[in-house]
Amino acid sequence: MSLLEIKDLETFYGASQALFGVDLDVGEGEVVALMGRNGMGKTTTIRSIMALTPARSGSVRYAGRDIHAMRPHRIARLGLGLVPEGRRCFPNLTVAENLTAAARSGRWTLAEINQLFPRLAERRDQMARTLSGGEQQMLAIGRALMTNPGLLILDEATEGLAPVIRHDIWAVIRTLKQQGQSILIVDKTLSELLPCADRCFVLEKGATVWRGRPAELTPELQDRYLGV
Ligand code: ATP
């Protein structure tokens with residue numbers, strides 16, 4: 001059974017349709033890449049999964065449950081941990097307060113997060129607003145992990161960051177994968193994403209047009225669907 005299973009999702013922003021039939025699934029312990037050029041519907045798919053922009057039709061199942069009609073906070077509580085585009089933290093709480101505010105019981109504790117991100121440990125008493133962009137992104141990932149999610153969803157978690165920070169975040173993503181964390185990930189850095197992903201789904205104009213293993217995503221297909 002899939003951990004997350006999406007079928008034929010259609011989502012609108014007002015009168016404007018953004019998704020026209022997205023199919024996607026993530027198995028237990030899998031890293032799945034959601035790909036496609038700008039504006040093809042990746043963020044909208046994630047917003048639909050979390051019911052931040054609820055889908056008008058189609059089905060979303062998580063751990064065997066229909067979550068389509070649920071409110072976002074209930075979906076989060078079921079175990080979907082989102083790191084949204086644009087790294088949201090509480091600016092006027094310290095790093096440690098941001099992390100503990102998100103805590104739910106499970107494997108990930110403050111001590112574990114400090115081990116995973118030594119930079120956050122060093123800055124534990126600093127206000128989140130004083131962190132660099134990269135450190136805020138680490139904090140956003142740490143916060144999502146503190147909820148002990150069954151599925152971690154990363155939307156452009158390395159976008160716009162300095163290479164050294166990007167490198168650190170990819171190392172963390174690989175560690176999480178080794179530990180069996182299920183992950184749905186959107187990221188433009190194919191050289192990091194493809195070796196890490198178990199499977200890929202490609203969106204075009206709001207619909208799933210290709211799915212397969214990273215090794216099957218040939219340069220021709222990358223050129224056709226991703227414009228690289
Ligand atoms: P990117 O890689 O640029 O983030 P994406 O694949 O995540 O792109 P989405 O952001 O999901 O794509 O956008 C899908 C479509 O929905 C686009 O046509 C976009 O213009 C439209 N869209 C996104 N957000 C809104 C919004 N808030 N209101 C209206 N249309 C929107």
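In the block above lies the structure referred to throughout.
Not measured: the values here are computed from a predicted model.

A.B. asks: So what exactly am I meant to see when it comes to the site of the ligand here?
C.D. replies: Contacts to the ligand come from 13 residues, most closely from Gly39, Gly41, Lys42, Thr43 and Thr44. Contacts to the ligand include Met40, whose backbone N or O atom sits 3.1 Å from an oxygen atom. Between the ligand and the protein, one listed contact pairs an oxygen atom with a backbone N or O atom of Thr43 at 2.8 Å. Alone, the ligand offers 640 Å² of accessible surface; in the complex the protein occludes 59% of this. Looking at the shell around the ligand, the element that brings in the most residues is helix H1 (residues 42–49), giving three residues. For the shell around the ligand, a count of residues per class yields three nonpolar, five polar and five charged.

A.B. asks: I would appreciate a short explanation of unusual backbone geometry in the present structure.
C.D. replies: Peptide bonds are trans in most cases, and residues, glycine excluded, mostly fall at negative phi. The backbone of Asp8 sits at a positive phi, close to 50°, despite the residue not being glycine. Within the element layout of this structure, Asp8 appears in strand S1 (residues 4–13). Here Ala63, not a glycine, exhibits a phi torsion of approximately 50°, which is positive. One can find Ala63 in the loop between strand S4 (57–62) and strand S5 (65–66). A residue is classified by how much of its surface remains accessible, and Ala63, at 40% relative accessible area, is partly exposed.

Rules and cut-offs
- Residues numbered from 1 in each chain as written.
- Predicted model: local features only at pLDDT ≥ 70, side-chain atom pairs only at ≥ 80, totals over all residues.
- Heavy atoms only, no water.
- Near = heavy atom within 4 Å.
- Polar contact = N/O pair within 3.5 Å; in protein donor to acceptor, adjacent residues only side chain to side chain.
- Areas by Shrake-Rupley, 256 points an atom, 1.4 Å probe, with all protein chains shown as cover.
- Helix = DSSP H or I, 4+ residues; strand = E, 2+ residues; numbered from the N terminus.
- Nonpolar A, V, L, I, M, F, W, Y, C, P; charged D, E, K, R; others polar.
- Buried < 20%, exposed > 50% of the residue type's maximum accessible area, 1.4 Å probe, protein only.

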